[in-house]
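The lines below spell out each chain.
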Amino acid sequence: MVGSTTMSARMHDDELMIDADLVRSLLRRDHAAYAELPLRPLDSTGSTNRLFRLGDEHLVRLPRQPRGSATITQEARWLPGFATSLAVATPEVVTVGEPGFGYPERWSVVRWLDGGKPAPGAGDVTAADLASVVTGLRRTEVPQEALDDPELRWYRGEPIAGFDADVRFRLKECRELADLELDLDAVETVWDQVMALPLAEAGPHWLHGDLLAENLLARDGRLTAVLDFGALSVGDPTVDLICAWELLDAAGRDEFRRILDLDDATWLRSRGWALFIALMTFPYYWQTMPVRCADRLVMARAALAG
């Protein structure tokens with residue numbers, strides 16, 4: 001239960017303490033049919049949710065931080081609308097549980113999806129598959145209810161032109177990481193080019209907001225699923241193009257850009273987003289999530305290469 005010391009590595013100052021005993025207690029109270037199934041924590045637990053495999057067919061997801069309930073509620077509300085517009089699987093929310101036993105957030109049980117995380121830059125997914133996801137998200141109708149929902153407005157759906165001060169601050173933080181092997185002067189040069197672009201707004205469209213390797217599943221060189229829609233937002237969808245910078249080689253990126261018919265300015269803005277997100281990742285997760293930092297380093301270097 002909450003208060004146990006048996007938990008994954010602490011990533012946030014306000015980390016909620018979660019263990020298998022807590023999960024079992026919540027299941028017994030809210031969803032008795034699942035309560036006695038085998039339960040084990042996953043090594044692949046991310047920074048937003050702790051993940052527990054439940055039997056053979058389900059996954060339990062619990063927010064790591066206070067106020068994480070909003071993303072659980074958001075996924076349950078909006079994910080069904082993407083089942084037919086995306087050519088790959090998305091999580092099916094089976095049920096949502098309520099706070100309890102000292103744990104203050106809502107949590108969910110979703111169906112297990114098979115597949116493995118694609119390796120950044122390794123050609124584990126195709127440009128066509130990634131472009132199909134981006135297109136499917138953009139073509140999904142945004143109802144008025146979503147347009148009016150403040151929970152669906154996130155900074156990653158805002159025009160990148162508004163983040164100059166943030167990136168300059170992150171550059172300063174990254175310069176203090178002695179073992180970060182990234183040409184930060186070159187990053188600043190590319191960012192200056194992004195900031196010189198004329199202001200442009202797109203949308204409003206749906207955007208995943210975190211379309212990166214750790215939120216994708218692949219098998220046999222094809223994309224099979226998109227995971228974790230906790231960052232689902234309505235706004236400018238340019239940020240979703242970062243998947244190309246993290247996952248594809250140069251030829252793959254050329255194909256991705258051709259399929260989506262992206263102009264020079266949009267492509268440069270996508271490079272800016274890739275660099276911005278990488279710069280945010282390094283200082284915060286340098287000690288706690290080395291694999292994530294390594295993935296973002298692949299993305300940042302690709303964005304510098306252009």
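Residues numbered from 1 in each chain as written. Predicted model: local features only at pLDDT ≥ 70, side-chain atom pairs only at ≥ 80, totals over all residues. Heavy atoms only, no water.

A. A look at helix H3 (residues 127-139). Between the first and last C-alpha of H3 there are 18 Å, a value that for 13 residues agrees with the 18 Å anticipated at 1.5 Å per step. Every buried residue of H3 is accounted for by Ala127, Asp129, Leu130, Ala131, Val133, Val134, Gly136 and Leu137. (Helix = DSSP H or I, 4+ residues; strand = E, 2+ residues; numbered from the N terminus. Expected span 1.5 Å × (residues − 1). Buried < 20%, exposed > 50% of the residue type's maximum accessible area, 1.4 Å probe, protein only.)

B. A look at the packing of H3 against helix H8 (residues 250-260). Orientation of H3 relative to H8, taken along the N-to-C sense of each, is 35°, at an axis distance of 9 Å. When the axes of H3 and H8 are compared, the crossing they make is right-handed. On H8, the residues that touch Ala127, Ala128, Leu130, Ala131, Val134 and Thr135 of H3 are Gly252, Glu255, Phe256, Ile259 and Leu260. When grouped by side-chain class, the residues that make up the contact of H3 with H8 number 8 nonpolar, 2 polar and 1 charged. (Axes fitted to C-alpha atoms, helices over the stretch in contact; angles between N-to-C directions. Left-handed = near helix turned anticlockwise from the far one by under 90°. Contact = heavy atoms within 4.5 Å. Nonpolar A, V, L, I, M, F, W, Y, C, P; charged D, E, K, R; others polar.)

C. Looking closely at the side chain of glutamine 74. With respect to the helices and strands, the residue glutamine 74 is situated in helix H2 (residues 69-78). Here the side chain of glutamine 74 touches leucine 232 through a polar contact of 2.9 Å, landing on its backbone oxygen. If sequence neighbours within four positions are ignored, glutamine 74 has contacts with Leu79, Glu151, Leu152, Phe229, Gly230, Ala231 and Leu232. (Polar contact = N/O pair within 3.5 Å; in protein donor to acceptor, adjacent residues only side chain to side chain.)

D. A look at the sheet that holds strand E1 (residues 39-41). With antiparallel pairing, the 5 strands of this open sheet are ordered in space as E1-E2-E3-E5-E4. Whereas interior strands pair on both sides, the edge strands pair on one side only; in this sheet they are E1 and strand E4 (93-97). Averaged over all pairs of adjacent strands, the angle between their axes in this sheet comes to 25°, without regard to strand direction. Pairing geometry for E4 and strand E5 (residues 107-111), over 4 bridges, is antiparallel. Opposite valine 96, over in E5, you have serine 108 as the bridge partner. (Pairing = 2+ DSSP bridges.)

E. View of the pattern of salt bridges. All chains considered together, the criterion is met by 22 salt bridges. We note a salt bridge from glutamate 145 to arginine 77, for which the minimum N-O separation is 2.6 Å. Separated by 68 residues along the polypeptide, glutamate 145 in helix H4 (residues 144-147) and arginine 77 in helix H2 bring together distant segments of the chain. In this structure, glutamate 214 and arginine 296 form a salt bridge, with 3.4 Å as the shortest nitrogen-oxygen distance. Of the two residues, glutamate 214 sits in the loop between strand E6 (205-207) and strand E7 (216-219) while arginine 296 sits in helix H10 (residues 290-305), which places them 82 residues apart along the sequence. The exposure class assigned to arginine 296 is buried, which follows from its relative accessible area of 2%. The network of salt bridges with shared partners includes Asp164, Arg168, Arg175, Asp185, Glu188 and Asp192. (Salt bridge = Lys/Arg side-chain N within 4 Å of Asp/Glu carboxyl O.)

F. Main features of the environment of tyrosine 103. Structurally, the position occupied by tyrosine 103 is in the loop between E4 and E5. For the pair formed by tyrosine 103 and valine 23, sequence separation is 80 residues and the distance between their alpha carbons is 9.8 Å.

G. Layout of empty space enclosed by the protein. For the coordinates displayed, the defined rule picks out 1 cavity of 30 Å³ or more. Quantified by volume, the largest cavity comes out at close to 80 Å³. If you trace the largest cavity, you find it lined by Pro159, Ile160, Ala161, Val194, Met195, Leu197, Pro198, Leu199, Ala200, Asp236 and Arg269. Looking at the lining of the largest cavity residue by residue, the classes come out as 9 nonpolar, no polar and 2 charged. (1 Å grid on protein atoms, 1.4 Å probe; cavity = no way out; pocket = protein on both sides within 12 Å on 5 of 7 lines; lining within 4 Å. Points joined across faces, edges and corners; volume = space filled by probe spheres on them.)

H. Up close: the state of the cysteines. This model, assessed by the stated rule, comprises 0 disulfides. Here cysteine 243 is not disulfide-linked; the sulfur of cysteine 293 is the nearest cysteine sulfur, at 20 Å. (Disulfide = S-S within 2.5 Å.)

I. Representation of the packing of helix H5 (residues 164-175) against helix H6 (residues 184-195) within the structure. Running from N to C, H5 and H6 point in directions that differ by 180°, and their axes come no closer than 11 Å. Overall, the two elements H5 and H6 adopt an arrangement that is roughly antiparallel. Note on element contacts: H6 touches H5 through Leu184, Asp185, Val187, Glu188, Trp191, Asp192 and Met195, opposite Asp164, Val167, Arg168, Leu171, Cys174 and Arg175. When its residues are assigned to classes, the contact of H5 with H6 shows 7 nonpolar, no polar and 6 charged. (Parallel < 35°, antiparallel > 145°, perpendicular 65-115°, else oblique.)

J. Expanded view of unusual backbone geometry. The backbone phi angle of arginine 67 is positive, close to 70°, even though this residue is not glycine. Among the secondary structure elements, arginine 67 is positioned in the loop between strand E3 (58-63) and H2. Of the residues examined, arginine 67 reaches a relative accessible area of 66% and is grouped as exposed. In this structure, aspartate 220 takes a positive phi of about 55° despite not being glycine. With respect to the helices, strands and loops of the structure, aspartate 220 is situated in the loop between E7 and strand E8 (222-226).

K. Representation of H2. Along H2, the residues that are buried comprise Ser69, Thr71, Ile72, Gln74, Glu75 and Trp78. Where H2 is buried, its residues meet strand E2 (49-54), E3, E4, E5, H4 and E6.

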